[in-house]
Amino acid sequence: MAIERLGPDQQARMRRAGAAAAATLAAVGGQLRAGMTTAEIDRLVRADTARRGGRSSQLGYRGFPAAVCTSRNDVVCHGIPSARERLRPGDIINVDVTTALGGYHGDTSRTFLIGEPGPEARHVVEVAARCLQAGISQLRDGARLGDIGAAISELARAEGCSVVRDIGGHGIGRHMHMPPHVSHVGQSGTGARLRAGMALTIEPMINLGGAEVVELDDGWTIRTADGSLSAQFEHTLLVTQNGCEVMTPQPF
Ligand code: MF3
Ligand code: CO
Ligand code: CO
């Protein structure tokens, strides 16, 4: 399916939606503490999103029951906030915020450290952050989709980690999820050609162990099959002539 290209007015709306999502992620991330439940994270995200004039794109999406995904330790993505799940010292947790504002969507996540996780946990989080940057560095008018996955999977392998293959990034704009599917593994020089004005997410999920994942009975939560730790970072990006613009900027 064709990948949309956004005009200047649409790009400006994306920038506002992206800035709101990034601000909410930063505000909520700064409040994470051991002892807090993931349901409290959901409440914080709802309040902060509303304060910025947005609404959560995730709430009710295909029946998703919360405003934010909270994915802790061996949860890869799509973790559902729960009053029974409490953050503990040494945990890692991805908080994935998607805000709809002015008819457009901004989607961004990062993995936070609770207390002082061990060296393996810190390693997978650092590798996931670097994998996002490696993917971003491929973007420019004329690049191919496969360039993104190639850069990410090469780095992950060099660092002894694996890349989740079953779930990827996506086009984004008037809807949270649009074509194309953005794989985090691939061959450089293959796949659809990117053009200035296209908006997409890159959101690599990086595992300390194997790449295999399982879905839980709740129909959402994705975990590593081997129970190993998993980390993820995500930005919404606009392809430009010579590179890209990060629509969800945060100091990483
Ligand atoms: N924000 C998630 C993503 O990066 C969307 C997950 S869909 C949900 O694509 F319904 F689980 F929220
Ligand atoms: Co997301
Ligand atoms: Co996304």
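**Student:** How would you summarise the overall build of the protein chain if you had to cite specific residues and measurements?
**Tutor:** Secondary structure assignment for the protein chain yields 4 helices and 15 strands. Taken over C-alpha atoms, the radius of gyration comes to 17 Å for the protein chain, in line with the 18 Å a tight globule of 252 residues would show. Within the protein chain, the proportion of its 252 residues that are buried is 58%. Long-range contacts, defined as pairs at least 24 residues apart, comprise 70% of the intrachain contacts of the protein chain with a sequence gap of at least 6. When the accessible area of the protein chain is evaluated, it comes to approximately 10,500 Å², of which 48% is carbon and sulfur surface. A gap of 6 Å separates the mean positions of the 26 positive and 26 negative side-chain charges of the protein chain.

**Student:** Tell me about the coordination of the cobalt ion (ligand 2), and please be specific about residues and values.
**Tutor:** Here the cobalt ion (ligand 2) is held by Asp96 (OD), Asp96 (OD), Asp107 (OD) and Glu234 (OE), and the distances to it run 2.1 to 2.3 Å. Relative to the metal, the 6 donor atoms surrounding the cobalt ion (ligand 2) lie at angles of 59 to 168°, and the coordination shape comes out irregular. Here the donor residues for the cobalt ion (ligand 2) map to a single chain with the spacing D-x10-D-x126-E. In this model, the cobalt ion (ligand 2) sits 3.3 Å from the cobalt ion (ligand 3), the two metals being bridged by Asp107. Of this pair, Asp107 sits in strand E5 (residues 104-113) while Glu234 sits in the loop between strand E13 (230-232) and strand E14 (235-239); the two residues are 127 residues apart in sequence, bridging distant segments of the chain. Both residues of the pair, Asp107 and Glu234, count as buried.

**Student:** Residue-level account of the site of ligand 1, with values.
**Tutor:** Taken together, 14 residues surround ligand 1, and among them Gln58, Asp96, His177, Glu203 and Glu234 come closest. Measuring from an oxygen atom of ligand 1, one finds a side-chain N or O atom of His170 at 3.1 Å. One of the side-chain nitrogen or oxygen atoms of Glu234 is found 3.0 Å away from an oxygen atom of ligand 1. Contact with the protein chains hides 97% of the accessible area of ligand 1, taken as 330 Å² for the molecule alone. For the shell around ligand 1, a count of residues per class yields 5 nonpolar, 5 polar and 4 charged.

**Student:** Kindly report on the coordination of the cobalt ion (ligand 3), identifying the contributing residues and their values.
**Tutor:** Ligation of the cobalt ion (ligand 3) by protein atoms is provided by Asp107 (OD), His170 (NE2), Glu203 (OE) and Glu234 (OE), these donors lying 2.0 to 2.2 Å from the ion. Coordination geometry of the cobalt ion (ligand 3): the 6 donor atoms subtend angles of 51 to 161° at the metal centre, consistent with an arrangement described as irregular. Going along the chain, you hit the donors of the cobalt ion (ligand 3) in the pattern D-x62-H-x32-E-x30-E.

**Student:** Just give me the short version of the pairing of strand E8 (residues 178-182), but keep the residues and values in it.
**Tutor:** One ladder, built from 3 bridges, connects strand E7 (residues 169-171) with E8; its direction is antiparallel. Bridge pairing links Gly169 to Val182 in E8.

**Student:** For the nonpolar core, give the residues involved together with the corresponding values.
**Tutor:** Among the nonpolar cores identified, the biggest contains 34 residues, and Val124, Ile148, Leu194, Ile202 and Ile206 are the most heavily contacted of them. Breaking this core down by element, the ones donating at least two residues are helix H3 (119-136), helix H4 (145-158), strand E9 (199-202) and E14. Among the elements that line this core, the one with the most residues is H3, at 10 residues. Contact partners of Ile202, with chain neighbours within four places excluded, come to Leu132, Gly135, Ile136, Leu139, Ile148, Ile152, His184, Phe233, Glu234, His235 and Leu237. Counting residues in each nonpolar core, the second largest holds 15 residues, with Ala21, Val95, Phe112 and Ile114 among its members.

**Student:** Explain H4 residue by residue, including any values.
**Tutor:** Taking 1.5 Å of rise per residue, the 14 residues of H4 would be expected to cover 20 Å, and the 21 Å separating its terminal C-alpha atoms lies within 8% of that figure. Looking at H4, one finds that the buried residues are Leu145, Gly146, Asp147, Ile148, Gly149, Ala150, Ala151, Ile152, Ser153, Leu155 and Ala156. In this fold, the buried residues of H4 make contact with H3, strand E6 (162-163), E8, E9 and strand E10 (205-207). One or two steps after H4, the chain reaches Gly160, where phi turns positive at roughly 75°.

**Student:** For unusual backbone geometry, give the residues involved together with the corresponding values.
**Tutor:** Backbone torsion omega between Pro179 and Pro180 reads 5°, so that peptide bond is classified as cis. With respect to the element layout, Pro180 can be found in strand E8. Of note, Arg62 is a non-glycine position whose phi angle comes to about 50°, a positive value. Here Arg62 lies in the loop between strand E1 (55-56) and strand E2 (69-72). Within the chain, Asn73 stands out as a residue other than glycine whose phi angle is a positive 55°. By the element assignment, Asn73 lies in the loop between E2 and strand E3 (75-77). The class of Asn73 is buried, set by a relative accessible area of 17%.

Reading the values: the criteria
- Residues numbered from 1 in each chain as written.
- Chains lettered and ligands numbered in written order.
- Predicted model: local features only at pLDDT ≥ 70, side-chain atom pairs only at ≥ 80, totals over all residues.
- Heavy atoms only, no water.
- Helix = DSSP H or I, 4+ residues; strand = E, 2+ residues; numbered from the N terminus.
- Rg over C-alpha atoms; globule rule 2.2 N^0.38 Å.
- Buried < 20%, exposed > 50% of the residue type's maximum accessible area, 1.4 Å probe, protein only.
- Contact = heavy atoms within 4.5 Å.
- Areas by Shrake-Rupley, 256 points an atom, 1.4 Å probe, with all protein chains shown as cover.
- Lys, Arg positive; Asp, Glu negative; His and termini not counted.
- Charge placed at Lys NZ, Arg CZ, Asp CG, Glu CD.
- Donors = N, O, S within 2.8 Å, 3.2 Å for Na, K, Ca; no water.
- Tetrahedral: all angles 85-135°; square planar, octahedral: opposite > 155°, others 65-115°.
- Near = heavy atom within 4 Å.
- Polar contact = N/O pair within 3.5 Å; in protein donor to acceptor, adjacent residues only side chain to side chain.
- Nonpolar A, V, L, I, M, F, W, Y, C, P; charged D, E, K, R; others polar.
- Pairing = 2+ DSSP bridges.
- Core = buried A, V, L, I, M, F, W, Y, C linked by side-chain atoms within 4.5 Å.
- Expected span 1.5 Å × (residues − 1).

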